[in-house]
Protein chains: 2
Amino acid sequence: MLTGLSYLGFQRSAPSGLTFTARAAATGAALPTTYHAASPADVAAAAHLAQQAFPAFRDLPGTSRGAFLRAIAANIEALGQTLTDLAMAETGLPEPRIKGETARTCGQLRLFAAMVEDGSWVDARIDRADPSRSPLPKPDTRSQLRPLGPVVVFGAANFPLAYSTAGGDTASALAAGCPVIVKAHPGHPGTAGLVAAAIVDAARSLGLPEGTFSMLYDLGHATGAALVSHPSIQAVGFTGSRSGGLALMQLAAQRPQPIPVFAEMSSVNPVFLLPGALAERGAALGAALAASVALGVGQFCTNPGLVILDRRADSTPFRDALAAALQATAPAPMLNAGIRQNYLLTRDALAAHPDVRELLTVPTPHPACGGAALFETSAAALLANPSLSGEVFGPSTLLVTADGPEEMLAIARALEGQLTATVHAAASDLPTQRDLLAILETRVGRVLGAGFPTGLEVNHSIVHSGPFPATSDGRSTSVGGAALFRFTRQVCWQDVPDALLPPALQEANPLALRRTVDGTPT
Amino acid sequence: MLTGLSYLGFQRSAPSGLTFTARAAATGAALPTTYHAASPADVAAAAHLAQQAFPAFRDLPGTSRGAFLRAIAANIEALGQTLTDLAMAETGLPEPRIKGETARTCGQLRLFAAMVEDGSWVDARIDRADPSRSPLPKPDTRSQLRPLGPVVVFGAANFPLAYSTAGGDTASALAAGCPVIVKAHPGHPGTAGLVAAAIVDAARSLGLPEGTFSMLYDLGHATGAALVSHPSIQAVGFTGSRSGGLALMQLAAQRPQPIPVFAEMSSVNPVFLLPGALAERGAALGAALAASVALGVGQFCTNPGLVILDRRADSTPFRDALAAALQATAPAPMLNAGIRQNYLLTRDALAAHPDVRELLTVPTPHPACGGAALFETSAAALLANPSLSGEVFGPSTLLVTADGPEEMLAIARALEGQLTATVHAAASDLPTQRDLLAILETRVGRVLGAGFPTGLEVNHSIVHSGPFPATSDGRSTSVGGAALFRFTRQVCWQDVPDALLPPALQEANPLALRRTVDGTPT
């Protein structure tokens, strides 16, 4: 099943001179399959197929696209333990995490399937003509969301399934009617290959246009850059580093026709612990925070990397529980050697900063693992050194002690854009809690009033996004029902004969959609 | 009333060393008021006020923002003939046009007022908690659209009211809850001043935060650039030239925190005349096209600058009617000397092109006027010279003769992004009509099946947008009910106590909004 070759629609690419292998995260050993980097001709072929497929795929009934998404989910589930084992080997992530991520991936596909089968997501708006209006007759105008065109999705290192080949961006783009070309992440090319096969099989068995989906391998950046620069591509989805996201934003902006890039880049997900909450449930908060920091060896974009607390509150039970739980966390393999090296470098830089105190570092005897770390600094130092709030991608967090609520609010105001922020409060904290929430909603995509930010509910109201630099475009979510909108734009038809309108806009409402007619929801 | 000074919230700026005057479009004569260019300190003051005003303005009930928009409309109407006369003098546009544009401006303000008073535009989504769910309890997540923050709006040369100080972008930004700073267009600073006074008076009389609105003058680019680069500004609205729009896009992308720019830049609004339509109603199409080309001396972004017809169709009645009507169009003053000079230069460049034949040029004895012009080329020449489809901003259009339907489709495929495209067809044209519509919806924001693109209906379904370079971001409209969305993003609250949620998301639904609860519209 794993040939190591890219998918150009239903075909496999020719072998190329450039090959690479994946490495087992836990041992660094090369895994068996040899992967062939896509050639410039492969990029052109995939883009051409996608462009050719677009009009027919766009115009499929929502039920057909829904069936496609459901077939992908079923095919992924049918891969069973084969997929789990390979993803575990490639990423070092434990079995429950891979199984959970697979379930989430299939759940996302079915969420979007249900939306496109229902069909009302297209936001059909109809304003009927009035030929007798004076001074000018009123035309008939009708608009709905339409897909942008072929989309490139980059697989993410830290989510081999939910943010990769059949992950959120692929699912929402296909649901919207956009052909997708995935640039597989070289850290888990086998997982990508199995999932790509599941998608291609679904497309072929349902008779969809061949260019609906392609998947290209590359170890370096050339294929990704060529895809983003290709004139047929109309949008890009990416989850990864800030440098990677910024590079794609720049490439996309420099095209003769600039295109949107939806890059999720970095976030330290600040957690504010107000004095009442610390007094009421400090130990429980410490244990739960530790679990969130250490989850998945800290390799989550929602990992809480900054914890702000009031110096004058009694934080001893919290600190003791946090330290004990982090200390007790068994070091586990990180996703790959590069991520581990970057973790150690950024962690050590933090430890070496004169204003930072190292509270705890779990030693990691095994060379593939990343142990937990806990640091402390003052609010004044953080405000004076914004670099202290940079992302440390791994199981590390920085406690920040503030001199009272005003300094906590100052930290909130100084925050860069984040995916999430969390405020734990008790009844006695109400004034500060209220002020913090008012600031934080301008800095993040999701504000939490309980719990911790790792673990993301996939539903209709979730927002996984945030102002720059958390993402490139905070007006769009990558997770949840609203993710469908990022790959669309509203198109209006004026005085076009009914039979030539898309079915969603035809007068008889053949799809039985909820529509807005003359300004009134129906 | 006209002091020539900028508005910094409720205050007037100090006089600056840099002054300019407006010129009467019809004569070039200087108009009486002296305007003072804003200083860097004025920019900083306006941005600071806007930033300070944001949280309170954002959190106002929709009814308060609705009352504000209605008060602005009433104040503008109360300006009556004073406003009409000054706008006519500054722009050279005729009285019915200025009165129509004033009515449209006030209509837009009231459309948005109605939307924010109703309140359901915020797209409230609620997914309720399920603490008993296994393996993990389900959190409570609630999201809604929230305003981005302070917005800069650039007044447009060609729409002194509907796309300027209280125009579409200002109205939708204020409706969404964003403070607005207008950079007045130097072509109609008096009109801007009167309308700004109408807005400031409304804000003051309703007790709104002072920084809700400011308006700055400048003859050059420094104030606009400083505003777009200011860290408090979160989005930009612009209607103007492609070079101006591209410069703003670049400035915004280079900020430490890039922000969205909604620039409407250029469009030639192609019109396809299929053979059956030409045979059936050629003369009527010619006369109607001429009226659209000449409307407002061609100074509309929706002006039809490219007309594609089949060489083998009988186009004589169409051509005769078009030429006669254009010939009969009285030359009228253009907006300003720069626009007129640019019109003559681009028109003459087209005339001088070896593949272009000049069919008609109406002489303009008066130095302020622009006369109509009509050119012809072949589809092959157009496809070989994409520059021939560049915008000529004025009453000029280019007929393109194609060798049959395939060449017409090739032209459609080769089009850059446009605001509009129009297809006139008869029953016998169905196959080509269908194929054209399928291509054109990917190139434009609005497809017309009858009529001509000038004259824009302001309603819930209209789209005034289009793929780059028609606009910088084809996913957003500048006109119509959906324009409210461009200045917002979805924010999610997870497990936040009910009393601390925005009212739109509170369990009791105190605003009685339509909401999506657990995936179901209610």
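No experiment lies behind these values; they were computed from the predicted model shown.

Rules of the game
- Residues numbered from 1 in each chain as written.
- Chains lettered and ligands numbered in written order.
- Predicted model: local features only at pLDDT ≥ 70, side-chain atom pairs only at ≥ 80, totals over all residues.
- Helix = DSSP H or I, 4+ residues; strand = E, 2+ residues; numbered from the N terminus.
- Rg over C-alpha atoms; globule rule 2.2 N^0.38 Å.
- Buried ≥ 20, exposed ≤ 12 C-beta atoms within 10 Å, placed from the backbone.
- Contact = placed C-beta atoms within 7 Å.
- Axes fitted to C-alpha atoms, helices over the stretch in contact; angles between N-to-C directions.
- Parallel < 35°, antiparallel > 145°, perpendicular 65-115°, else oblique.
- Nonpolar A, V, L, I, M, F, W, Y, C, P; charged D, E, K, R; others polar.
- Least-squares fit on C-alpha atoms with pLDDT ≥ 70 in both.
- Pairing = 2+ DSSP bridges.
- Core = buried A, V, L, I, M, F, W, Y, C linked by C-beta atoms within 7 Å.
- Expected span 1.5 Å × (residues − 1).
- Arc of directions from axis to C-beta.
- pLDDT = per-residue confidence, 0-100.
- Right-handed = clockwise from strand over helix to strand, strands pointing away.

Turning our attention to the overall build of chain A. The secondary structure content of chain A amounts to 13 helices and 23 strands. Rg of the C-alpha trace for chain A: 25 Å, near the compact-globule value of 24 Å for 522 residues, within the 12% margin. Its C-alpha atoms give chain A principal-axis dimensions of about 70 × 65 × 40 Å. Looking at chain A residue by residue over its 522 residues, the buried ones come to 60%. At a minimum sequence separation of 6, the contacts of chain A that also span at least 24 residues come to 75%.

This next bit is on the packing of helix H12 (residues 405-414) of chain B against helix H13 (residues 430-440) of chain B. All names here are of chain B. Where H12 contacts H13, the axes come no closer than 9 Å and their chain directions differ by 10°. Relative to H13, the element H12 is oriented roughly parallel. On the side of H12, the interface is formed by Pro405, Met408, Leu409, Ala412 and Arg413, while H13 contributes Thr432, Asp435, Leu436, Ile439 and Leu440. In the contact of H12 with H13, the residues fall into seven nonpolar, one polar and two charged.

Between the two copies, chain B and chain A, the superposition gives an RMSD of 0.0 Å; the rotation angle is 180° and the shift along the axis is 0.0 Å. Both copies are brought into coincidence by an operation consistent with a two-fold rotation axis. When each C-alpha of chain B is compared by its distance to the rotation axis, alanine 253 of chain B comes out closest, at 4.2 Å. A shared interface surface links the copies, since 100% of the contact residues of chain B are contact residues in chain A too.

Here we come to the interface of chain B and chain A. At the interface, 55 residues of chain B touch 55 residues of chain A. Mapped onto the side of chain B that touches chain A, the elements with two or more residues apiece are strand S5 (125-127), strand S6 (141-147), H13, strand S20 (444-448) and strand S21 (488-494) of chain B. For the side of chain B that touches chain A, the residue count by class is 23 nonpolar, 19 polar and 13 charged. Alignment of strand S20 (residues 446-448) of chain A against S21 of chain B, held across three bridges, turns out to be parallel.

All right, on to the nonpolar core then. One finds Ile72 of chain A together with Ile72 of chain B to be the most contacted residues of the largest nonpolar core, which totals 337 residues. With sequence-adjacent residues up to four places away left out, isoleucine 72 of chain A is seen in contact with Leu109, Ala166, Ala198, Ile199 and Ala202 of chain A.

Take unusual backbone geometry next. Note the cis peptide between serine 134 of chain A and proline 135 of chain A, where omega equals 10°. Of note, proline 135 of chain A is situated in the loop between strand S5 (125-127) and strand S6 (141-147). Phi at alanine 512 of chain B is positive, roughly 55°, even though this residue is not glycine. Of note, alanine 512 of chain B is situated in the loop between S21 and strand S22 (516-517). Note on alanine 512 of chain B: 10 C-beta atoms within 10 Å, which makes it exposed. Phi at aspartate 518 of chain B is positive, roughly 50°, even though this residue is not glycine. Along the chain, aspartate 518 of chain B turns up in the loop between S22 and strand S23 (520-521). Owing to 13 C-beta atoms within 10 Å, aspartate 518 of chain B belongs among the partly exposed residues under this scheme.

An ideal rise of 1.5 Å per residue puts 34 Å on 24 residues; helix H3 (residues 95-118) of chain A measures up with 34 Å between its terminal C-alpha atoms. Positive phi appears at glycine 119 of chain A, one or two residues downstream of H3 of chain A, with a value of about 90°.

If you walk across this open sheet you meet the 12 strands as S15(A)-S17(A)-S18(A)-S13(A)-S12(A)-S19(A)-S20(A)-S21(B)-S6(B)-S5(B)-S22(B)-S23(B), and the pairing is mixed. Every interior strand has two partners, whereas the edge strands, strand S15 (357-361) of chain A together with S23 of chain B, have only one.

All right, on to helix H10 (residues 337-352) of chain A then. For an α-helix, the turn length of 3.6 residues means that residues three or four places apart are oriented alike. Residue and element names in this part refer to chain A. Between its terminal C-alpha atoms H10 stretches 22 Å, which fits the 22 Å expected from 16 residues at 1.5 Å a residue. Among the residues of H10, Ile339, Arg340, Tyr343, Arg347 and Leu350 are the ones counted as buried. The buried residues of H10 all sit within an arc of 100° when viewed along its axis, so they share a single face. Residues of H10 that are exposed and point more than 90 degrees away from the buried face comprise Gly338, Gln341, Leu345 and Ala352. Those residues of H10 that are buried are in contact with strand S16 (369-370), strand S17 (373-378) and strand S18 (396-402).

Our next topic: the environment of alanine 426 of chain A. Its location among the elements puts alanine 426 of chain A in the loop between strand S19 (420-424) and helix H13 (430-440). With 15 C-beta atoms counted inside 10 Å, the residue alanine 426 of chain A sits in the partly exposed group.

Chain-level statistics for chain A give a pLDDT mean of 96 and a share of 100% at 70 or above. With pTM at 0.97, the complex prediction returns an ipTM value of 0.97.

Below, the discussion takes up the environment of glycine 390 of chain A. Its place among the elements puts glycine 390 of chain A in the loop between helix H11 (379-384) and S18. Each C-alpha atom of the pair glycine 390 of chain A and glycine 305 of chain A lies 8.7 Å from the other, and the pair is 85 residues apart in sequence.

This brings us to the pairing of strand S21 (residues 488-494) of chain A. Residues and elements named next belong to chain A. The element S21 is extensively covered by neighbouring structure, given that seven of its seven residues are classed as buried. Of the two faces of S21, both are covered, the one formed by Thr488, Gln490, Cys492 and Gln494 as well as the one formed by Arg489, Val491 and Trp493. Here S6 runs beside S21; their pairing, made up of seven bridges, is antiparallel. Residue pairing in the sheet places proline 147 in a bridge with threonine 488 of S21.

Residue and element names in this part refer to chain A. On strand S9 (residues 213-216), burial covers both faces: Phe213 and Met215 on one face and Ser214 and Leu216 on the other are all buried. In this structure, strand S8 (residues 180-183) lies alongside S9, joined through four bridges in parallel fashion. Residue valine 182 lies in a different strand from S9, and its bridge partner there is methionine 215. As a crossover connection, the stretch from S8 through helix H5 (residues 189-205) into S9 is right-handed.

Our next topic: the packing of helix H2 (residues 62-91) of chain B against helix H3 (residues 95-118) of chain B. Between H2 of chain B and H3 of chain B, the shortest axis-to-axis distance is 8 Å and the interhelical angle comes to 175°. As judged from the angle between their axes, H2 of chain B and H3 of chain B are roughly antiparallel.

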